[in-house]
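Coordinate inspection notes
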Amino acid sequence: QDYKLDSRSLARALGREYNARGIGATIKLFDELKDNKDYAFREEEVNDLGYQLMIEKGDAKAAIELFKINAERFPQSFNVWDSLGEAYYKVGDKEAAVKSYEKSLLLNPQNEDGKKMLEKIKSELN
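In what follows, the accompanying structure is described.

Reading guide: rules and limits
- Residues numbered from 1 in each chain as written.
- Predicted model: local features only at pLDDT ≥ 70, side-chain atom pairs only at ≥ 80, totals over all residues.
- Heavy atoms only, no water.
- Helix = DSSP H or I, 4+ residues; strand = E, 2+ residues; numbered from the N terminus.
- Buried < 20%, exposed > 50% of the residue type's maximum accessible area, 1.4 Å probe, protein only.
- Polar contact = N/O pair within 3.5 Å; in protein donor to acceptor, adjacent residues only side chain to side chain.
- Contact = heavy atoms within 4.5 Å.
- Expected span 1.5 Å × (residues − 1).
- Core = buried A, V, L, I, M, F, W, Y, C linked by side-chain atoms within 4.5 Å.
- Phe/Tyr/Trp six-rings, centres within 6.5 Å; stacked < 30°, edge-to-face > 60°.
- Lys NZ or Arg CZ within 6 Å of the ring centre and 35° of its normal.

1. Quick notes on the environment of Glu86
Turning to its location among the elements, Glu86 is positioned in helix 5 (residues 78-91). On the accessibility criterion, Glu86 (31% relative accessible area) is partly exposed. Within the structure, Glu86 has its side chain in polar contact with the side chain of Tyr51 (distance 2.6 Å).

This is the structure we're talking about:
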């Protein structure tokens, strides 16, 4: 997406909404603003917001929702699938984590951290 100096950050708006009303309202706001040209949807910003929710707020389930949105919008980004895998692993959904890490590695076979996590999760499943 082209960078516009006057565009607002969708991730910032989502972060404010999460702090005010929680993840349900955040997803609703995303649905309202996702096609609004006044807001810039940047993969890195949404990914960063997901990590803030997962690490700083301790809300990995909310992070999953944001990472899923990012994966839908940027399906060819290995990084968003890697992040989604990490969040699924954090909540204990190892099967979903495996699928996300496999998708990440399909897109970027050189993702060494993803390889290590996939091996770890598969050994835990066995």
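Structure's up, so let's keep going.
2. A few points about the environment of Arg8
With respect to the element layout, Arg8 can be found in strand 1 (residues 8-9). Once the C-alpha coordinates of Arg8 and Asp38 are considered, the two residues, 30 residues apart in sequence, prove to be 6.1 Å apart. Setting aside residues no more than four positions away along its own chain, Arg8 makes contact with Asp38, Tyr39 and Ala40.

3. A short note on helix 6 (residues 94-107)
The end-to-end C-alpha distance of helix 6, which contains 14 residues, comes to 20 Å, matching closely the 20 Å that a straight helix rising 1.5 Å per residue would cover. The complete set of buried residues in helix 6 reads Ala96, Ala97, Val98, Ser100, Tyr101, Ser104 and Leu105. The inward-facing, buried residues of helix 6 contact helix 5 and helix 7 (112-125).

4. Overview of helix 1 (residues 10-21)
Between its first and last C-alpha atoms helix 1 spans 16 Å; for 12 residues at 1.5 Å apiece the expected length is 16 Å, and the two agree. For helix 1, every residue scored as buried is listed here: Leu10, Ala11, Ala13, Leu14, Gly15, Glu17 and Tyr18. Looking at the buried residues of helix 1, the elements they touch are strand 1, helix 2 (23-33), strand 2 (39-40), helix 3 (43-56) and helix 4 (60-73). Capping the start of helix 1 is the job of one residue whose side-chain oxygen sits 3.4 Å from the backbone nitrogen of Ala11: Ser9. Looking one or two residues past helix 1, Gly22 carries a phi angle of roughly 95°, positive in sign.

5. Quick word on the side chain of Ser83
For Ser83, the location among the structural elements is in helix 5. Separated by 3.3 Å, the side chains of Ser83 and Tyr51 make a polar contact. Setting aside chain neighbours within four positions, we find Ser83 in contact with Asn47, Tyr51 and Phe67.

6. Section: the nonpolar core
In a soluble, globular protein the nonpolar side chains are often hidden away together inside. Judged by nonpolar contacts, the single largest core of 18 residues is most densely connected at Met54, Phe67, Leu84 and Tyr88. Going through the elements one at a time, helix 4, helix 5, helix 6 and helix 7 are the ones with two or more residues in this core. Not counting residues up to four positions away in its chain, the partners in contact with Tyr88 are Ile64, Lys68, Asp93, Ala96, Ala97 and Ser100.

7. Re the packing of aromatic side chains
Following the criterion strictly, the structure yields three aromatic pairs and no others. Ring centres of Phe41 and Phe74 lie 5.5 Å apart, and the angle between their planes is 40°; on these two criteria the pair is classed as tilted. Of this pair, Phe41 sits in the loop between strand 2 and helix 3 while Phe74 sits in the loop between helix 4 and helix 5, and the two are 33 residues apart along the sequence. Through pairs of rings, three or more aromatic residues link up here, namely Phe30, Phe41 and Phe74. In this structure, Arg73 is placed above the aromatic ring of Phe41, and the distance from its NZ or CZ to the ring centre is 4.7 Å.

Worth remembering: the numbers are spatial, not functional.
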